[in-house]
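Each chain, written out:
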Amino acid sequence: MFHSRLIPIIICFLFVFSFGCQETPSSKLADTIYINGHVITMDEANPEVGAFAVGRGRILSIGTSEEIASAYPEADVVDLERKTVMPGIIESHGHLLSLGQSFLELNVEGIETPEEVVLKVKERVAETPAGEWIMGWGWDEGAWAKNYPTNRDLSAISPENPVYLRGLHGFACWANAKALGVAGIDKDTPNPENGEIIKNPKTGIPTGILTNEAQGLLTRHIPPMTVTQIEKALKLAIEECLKYGLTSIHEARTTSKMLEALHSLKDKKELKSRIYVMLDCTEQELIETYFESGPSVDPENFLTVRCIKIFVDGALGSRGAAMIEPYNDAPDEKGVVVTPEDEVCRLSKRALESGLQVAIHAIGDRANRITLNAFRRAIEEYPDVKDHRFRLEHAQVVALEDIPKFAPLGVVLSMQPPHATSDMPWAEKRVGSERIKGAYAWRSFWDSGVHMTLNSDFPGETLDPFVGMYTAMTRQTPEGEPEGGWYPEQCLKRDEVLKAYTIEAAYSGFEENIKGKIVPGILADFIVLSGDILNIPVKEFLNIKVAQTYLGGELVNERQ
Ligand SMILES: [Zn+2]
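Caption draft 1: Structural context of the sheet that holds strand S16 (residues 274-280). The eight strands are arranged S8-S15-S16-S17-S18-S19-S20-S21 in an open sheet whose pairing can be described as parallel. The sheet is open, and its two edges are formed by strand S8 (89-94) and strand S21 (451-454), each paired on a single side. Neighbouring strand axes in the sheet, compared pairwise and without regard to direction, differ in orientation by 25 degrees on average. Direction of pairing for S8 relative to strand S15 (residues 246-254): parallel, over a ladder of four bridges. Residue pairing across strands places Gly94 opposite Glu251, the latter belonging to S15. Sitting on the sheet, helix H12 (residues 365-381) touches strand S18 (357-362) and strand S19 (391-394), and the angle it makes with S18 is about 160 degrees.

As structure tokens, this is what we get:
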């Protein structure tokens, strides 16, 4: 794929650094050497080595344990004890704030009875100032639907604090009387379209359960998070990411407040992951600022802003994905186009003028075609911009004739293996047996020669990249369903999957010269694994754990 273009750069790096190393065999340049390992470098010229040296946060040289130990006799030594090491995973599409919020909020997932949930909320009330919202999530609105709880007890233990508890699947919420009062929801409030305010059949008073769209009547009254709260949530999310070996994260919808929080964390030296920002295009002022200034590439490699994120449609599950022909299971529906082609084209042209990257959320075949056409029009108008790396996020259902058209335009595909196995129980009902051939079509895209990165889109899916890799190789659930895989002809191979989570992910953020490999000159972001991912059976990817995560040569997470 793109290796041919990279090879000259890498050879250059290798030459400069290894030559330097040979010139000064007793050099103190290396702070630490890592020896006796099985190091997967992701470099085709030298795919597996035993050792490497790190200095000033970067890889200085790679080689055998003997070569590295004799070249840097004064460096600290870490014995890798034959463990497998690979470059830190670059999560090229995730949502940090949503992940962090789930840690800040009260988690009641798995709690079996409403009474026990109320006790948990009571503990929260004791430590929360009066008037402040108590947010929680995880009660099972599916399992409890036959006999929904009321808010009588919830209101009794929390008379002063509004309580809002989201259901596990997002289809219902459970709120106390204070919260309903703040939102002005009472017995006279009518149900919105596609939602219900469940009311006591005798008194007509709302019970505290709001389903589907009725939840919005309440949630719009929840005060927005402060920058300090956002900082806290982002830090918790990043800590979680490090446990899974994610050393870089492409934050796929960054608002101005999140950006402020990220800058604040960076200034305090509390940003423990490298963040690549995709700006939320619904904030016009924010986008305008960056159209004026161009990209902001961090010389310290912690916080880079160079991408704008545009939504063209919704999701397949809710039939919001924009389709060329109607849904198979809803003949009157074709989904929704959120941003029309002309607007995508206009924004893409502005991005080309200012040196920004564009990332488009497109799920349905119509949304993907709109993206293709808008990109083509913009790119043709700016033939001098050779390296735009415009991104297509998801590309879930694509017309078969459109699949080969992305590679010649230089578009980067960003796809999420776990979406396929999550959607497979119903996806074919939505799109039918023909369109499904272009759905989650990783192999077809890969073979078209397009640049392609894989990621999780957390927190909707697990952020464990090794589960993602397993899914990409098997198209099966962790339980092994269905046997042989779902449309297994679209599976990817082990070496391809590893590239998609490292070097291709680096490429998708213009960072292939500093990330995604363990070769001289690259940032010393690497992870130590519990197993040898080049040789274990694919099924065992599900059990791979990240023992240590290093960022710029610094140990930032160690598995207990
Ligand atoms: Zn996303």
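Anyway, onward from the coordinates.
Caption draft 2: How the structure looks around the sheet that holds strand S24 (residues 554-558). Reading across the sheet, the six strands line up as S3-S2-S7-S22-S23-S24 and stay open at both edges, with mixed pairing between neighbours. Two strands close off the open sheet at either side, each with one partner strand: strand S3 (48-49) and S24. Strand direction decides the pairing type here: strand S2 (residues 38-40) and strand S7 (residues 84-87), joined by two bridges, are parallel. The residue of S7 that forms the bridge with Val39 is Val85.

Caption draft 3: Molecular detail of the nonpolar core. Leu413, Phe445, Met452, Phe466 and Ile533 are the most contacted members of the largest nonpolar core, which has 110 residues in total. Residue contributions to this core peak at eight residues, all from helix H8 (residues 227-243). Beyond its immediate sequence surroundings of up to four residues, Phe445 is in contact with Ala395, Val398, Ile403, Phe406, Leu413, Met415, Val450 and Met452.

Caption draft 4: Spotlight on the state of the cysteines. Enumeration according to the criterion identifies zero disulfides in this entry. No disulfide involves Cys281; its nearest neighbouring cysteine sulfur is the one of Cys307, lying 9.2 Å away.

Caption draft 5: Representation of helix H16 (residues 465-474) in the model. Counting buried positions along H16 yields 10 of 10 residues, so the element is predominantly enclosed. Along H16, the residues that are buried comprise Pro465, Phe466, Val467, Gly468, Met469, Tyr470, Thr471, Ala472, Met473 and Thr474. Two or three places before Phe466, at the start of H16, stands the capping residue Asp464, its side-chain oxygen 2.9 Å from that residue's backbone nitrogen. The positive-phi residue at the C-terminal boundary of H16 is Arg475, with phi of around 50 degrees.

Caption draft 6: Quick peek at the pairing of S24. Looking at chain direction, strand S23 (residues 546-551) and S24 are connected through four bridges and run antiparallel. Among the inter-strand pairings, Gln548 is bridged to a residue of S24, identified as Glu558.

Caption draft 7: Spatial organisation of the coordination of the zinc ion. On the protein side, the zinc ion has His93 (NE2), His95 (NE2) and Asp457 (OD) as donor atoms, found 2.0 to 2.2 Å from it. In terms of primary sequence, the donors binding the zinc ion are separated according to H-x1-H-x361-D. Residue His93 is classed as buried on the basis of its relative accessible area, which comes to 1%.

Caption draft 8: The arrangement of the packing of aromatic side chains in detail. A full pass over the atoms with the stated rule returns 13 aromatic pairs. Judged by centre distance (5.0 Å) and plane angle (15 degrees), the rings of Tyr34 and Phe52 are stacked. Of this pair, Tyr34 sits in strand S1 (residues 32-35) while Phe52 sits in strand S4 (residues 51-55), and the two are 18 residues apart along the sequence. You can call Tyr34 buried: its relative accessible area is 2%. The structure contains a cluster of three or more aromatic residues connected by ring pairs, namely Tyr34, Phe52, Phe526 and Tyr550. Taking the ring centre of Phe302 as reference, the NZ or CZ of Arg274 above it sits at 4.8 Å. Above the ring of Phe510, the side-chain terminus of Arg306 is found at 3.9 Å from the ring centroid.

Caption draft 9: Region of interest: helix H10 (residues 284-293). Residues of H10 that are buried: Leu286, Ile287, Tyr290 and Phe291. On an axial view of H10, the arc spanned by its buried residues comes to 140 degrees, and they lie on one face. Along H10, exposed side chains directed more than 90 degrees from the buried face belong to Gln284, Glu285, Glu292 and Ser293. Lining the buried residues of H10 we find S15, helix H9 (256-267), S16, strand S17 (303-311) and helix H11 (341-354). Positive phi appears at Gly294, one or two residues downstream of H10, with a value of about 80 degrees.

The rules behind the values
- Per chain, residue numbering runs from 1 following the sequence as it is written.
- With the structure being a predicted model, the display of local features is reserved for residues of pLDDT at least 70 and the display and counting of side-chain atom pairs for 80 or more, all residues being used for whole-chain, interface and lining totals.
- The side-chain numbers reported here are obtained from all heavy atoms of the structure, hydrogens and water having been left aside.
- What makes two strands pair is DSSP finding at least two bridges between them.
- The way it works is that DSSP assigns letters per residue, a run of H or I at least four long becomes a helix, a run of E at least two long becomes a strand, and they are numbered from the N terminus.
- Convention adopted: a line fitted to C-alpha atoms gives each axis, helices being fitted over their contacting stretch, and angles between N-to-C directions are expressed from 0 to 180 degrees.
- Should any heavy atoms of two residues lie within 4.5 Å, those residues are considered in contact.
- The definition of a nonpolar core used throughout is a set of buried Ala, Val, Leu, Ile, Met, Phe, Trp, Tyr and Cys residues joined through side-chain atoms within 4.5 Å.
- Using a 1.4 Å probe on the protein chains alone, a residue whose accessible area is under 20% of its type maximum counts as buried, one over 50% counts as exposed, and one in between counts as partly exposed.
- Cysteine sulfur atoms are paired as a disulfide whenever they come within 2.5 Å of each other.
- In protein, a polar contact means a hydrogen-donor-capable atom and an acceptor-capable atom, both N or O and within 3.5 Å, with residues adjacent in sequence counting only if both atoms are side-chain atoms; elsewhere, any N or O pair within 3.5 Å suffices.
- In this analysis a donor is any N, O or S atom within 2.8 Å of a metal ion (3.2 Å for sodium, potassium and calcium), and since water is not included, sites may seem incomplete.
- Working definition: a ring pair exists when centres of Phe, Tyr or Trp rings (six-membered ring for Trp) sit within 6.5 Å. Plane angles under 30 degrees give stacked, over 60 give edge-to-face, the rest tilted.
- Geometrically, a lysine NZ or arginine CZ counts as sitting over a ring once it is within 6 Å of the ring centre and also within 35 degrees of the ring normal.
- Read the arc as the range of directions from the helix axis to the C-beta atoms.

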